[in-house]
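Residue-level listing of the chains:
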Amino acid sequence: MNNISIDAVETTNELECFPYSVQHQDEGVCLLVRMGPHRIMLDFGLTNISPISQELTKSAQHGMLADLVLVSHAHPDHARGLLTLHQAFPLLPIYASEVTTKLLPLNWPDEELPGILSFCQALPLRSPIEIREDLIVELFPAGHLPGAVAILLTYHTPNRDYKLLYTGDFFLSNSRLVEGLRLDELRGLNLDVLLIEGSYGTSRHTHRRNQENQLAERIHRAISAGRTDESYSVILPTPALGLGQELLMLLRSHHHFTGRDVDIWVDGAVAAGCDAYLELLPHLPAAVQNFARHQPLFWDERVKPRVRRLKPENLATLGTSPCIVLTDSSADLRKYCQPNTGNWLILLPEKIDIPVNPEYLAPTKFESYLLAQHSDGPGTTQLIHNLRPQHVIFVHGSPSYLADLTCLEELQNRYHVHSPAPGTLVELPIGETFLQPAAPEINYEGEVTELGTVITITLPDTVTADPRWRYNIAFCLLTRLSSQVQTNQWLISKRFSPGLKSVLMKMITLFLIS
């Protein structure tokens, strides 16, 4: 991290952003924004705050980290450092939505609840609050997770108002337990700066309901014993909050499982997350509340499929008949896949890094599925074009995914686009006219060699380590037959982002004209 802070830089700009962490991997999100004299911390997902607190205590005015902290939602990468932050700076105000304040304690399961619940103050939704003189904050539901909000900050001066929106993690589509972000609530804000996540880069996803149906069909086939295929029990490792409850609701309500004589076991922190959701029922969508009037939302041993907490005494017979297990993403799956428990199918969510042991005492196989929790590339650009800010700052995503977004011509031609590294101050001059910034330069190096009828493409580690390349490794070797080249062009257009597609198509051209 560079030894620099907002206080250390003299500037005439009213708006600046200093990202301490942008979640390129799993380091969390922590953004410091200055609006005039006000310094606002957006999220605090850091695991180690000591270097930042030491630096800022030395450089910041009044020895305070910021004037206040606003939390977008309760996921660990946005909130896990808040308790340590509060202990280091007990006078620093911390605010979030009411639902988020109730979910935050799940980040610290070993702490006593009273001490945790008291440090974060709840703000209402869709209500402008003057939180400091001439600084107004307003929260809008952002989808993604109950309580997740987009944070609108308005700084009032005699000459004009400056407006900044931080999306946190957002999702435009409705999911089972959360309604999506409503664009109509945000149009017409006359926004100056948009801080937006880019988790999925420019990738395009099928409709959410199609994703659910594909996953339900795969689980249905696994637990159904056919004439030729063996049946499998299914393990779904998942983060404790959000995806786990969405999966459980899908399994309870999808036609493949309604009334089916099968056990769904829920283990560890996922079960604790389900309990937390039950306390939030008045805040969940009307359809979910209606469902809960007729049967329990999660725990139910009477209605099939049965949903049960997994207890230690259940492990001895687990898997002897096909079942479904939802467990923590950090759980050791070997405790389920024991000898003589049958076959196991481990389904891993795409876009979430879940470490697993490759070898087990029972027969196992691995597959992946997509059940998106964030907006895809078209959803991201749709939000940007609806808000039409002067500056767009991308955070929360792998560097390659964020680079794909910043290189989009449709964004470069209309906005000042930024994708800052941690510790890099972003000055945000606001003008009456838009001055188009220069497009960022991204160069790839590679080598094409021909041996007989085989063409070999050699790429540097920065490309081959990219997950988009790993998922399409069959494309590494090409032939010169025109029909096969056309097929590979189709593969590129369907599976690669525009930035990487352009690079590979140029390399194909090299050997086609040689």
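Okay, so let's go over this structure. Remember, it's a predicted structure, so these values are computed and weren't measured experimentally.

**Looking at the overall build of the protein**
- Assigned secondary structure in the protein consists of 16 helices and 23 strands.
- Sorting the 514 residues of the protein into buried and exposed places 53% on the buried side.
- Here the contacts in the protein between residues at least 6 apart in sequence split such that 69% fall between residues at least 24 apart.
- Here the protein has roughly 23700 Å² of accessible surface; of this, 50% comes from carbon and sulfur atoms.

**Concerning the pairing of strand 18 (residues 391-395)**
- Of all 5 residues in strand 18, 5 are buried; the element is thus mostly enclosed.
- Alternating residues of strand 18 divide into His 391, Ile 393 and Val 395 and Val 392 and Phe 394, and every residue in both groups is buried.
- Of the pairings in the sheet, the one linking strand 11 (residues 193-197) to strand 18 comprises 5 bridges and is parallel in character. Looking at strand 18, one finds that Leu 195 is bridged to Ile 393.
- Bridging between strand 18 and strand 19 (residues 416-418) involves 3 bridges; their strand directions are parallel. When the bridges of strand 19 are listed, Val 392 appears paired with Val 417.

**A word on the packing of helix 7 (residues 243-253) against helix 8 (residues 268-278)**
- Axis separation between helix 7 and helix 8 bottoms out at 9 Å; the angle between their running directions is 80 degrees. Taken together, helix 7 and helix 8 sit at an angle that is classed as roughly perpendicular. Judged by residue contacts, Gly 244, Gln 245 and Leu 248 of helix 7 engage Val 270, Gly 273, Cys 274 and Tyr 277 from helix 8.
- Residue classes in the contact of helix 7 with helix 8 are distributed as 4 nonpolar, 3 polar and no charged.

**Considerations on the sheet that holds strand 2 (residues 29-35)**
- Strand order in this open sheet of 7 strands is 6-5-4-3-2-1-20, and the pairing throughout is mixed. Of all the strands in the sheet, just strand 6 (120-123) and strand 20 (426-427) have a single pairing partner and so form its edges.

**Here's the deal with the packing of helix 6 (residues 208-223) against helix 7**
- Contact pair helix 6 / helix 7: the axes reach a minimum separation of 11 Å and the direction vectors enclose 70 degrees. Here helix 6 lies roughly perpendicular to helix 7, going by the angle between them. Judged by the sense of rotation from one axis to the other, the crossing of helix 6 with helix 7 is right-handed. Mapping the contact onto sequence places Arg 208, Glu 212, Leu 215 and Ile 219 in helix 6 and Glu 246, Leu 247, Leu 250 and Leu 251 in helix 7.
- Tallied by class, the residues present in the contact of helix 6 with helix 7 amount to 5 nonpolar, no polar and 3 charged.

**Quick notes on helix 10 (residues 377-387)**
- Among all positions of helix 10, only Gly 377, Gly 379, Thr 380, Thr 381, Leu 383, Ile 384 and Leu 387 are buried.
- Turning to helix 10, the residues buried within the fold contact strand 10 (161-166), strand 11, strand 18 and helix 12 (409-412).
- Among the residues of helix 10, the N-terminal cap falls to Asp 376, whose side-chain oxygen and the backbone nitrogen of Gly 379 are separated by 3.0 Å.
- Following helix 10 by one or two positions, Arg 388 has its phi on the positive side, about 50 degrees.

About the thresholds
- Residues numbered from 1 in each chain as written.
- Predicted model: local features only at pLDDT ≥ 70, side-chain atom pairs only at ≥ 80, totals over all residues.
- Heavy atoms only, no water.
- Helix = DSSP H or I, 4+ residues; strand = E, 2+ residues; numbered from the N terminus.
- Buried < 20%, exposed > 50% of the residue type's maximum accessible area, 1.4 Å probe, protein only.
- Contact = heavy atoms within 4.5 Å.
- Areas by Shrake-Rupley, 256 points an atom, 1.4 Å probe, with all protein chains shown as cover.
- Pairing = 2+ DSSP bridges.
- Axes fitted to C-alpha atoms, helices over the stretch in contact; angles between N-to-C directions.
- Parallel < 35°, antiparallel > 145°, perpendicular 65-115°, else oblique.
- Nonpolar A, V, L, I, M, F, W, Y, C, P; charged D, E, K, R; others polar.
- Left-handed = near helix turned anticlockwise from the far one by under 90°.
- Polar contact = N/O pair within 3.5 Å; in protein donor to acceptor, adjacent residues only side chain to side chain.

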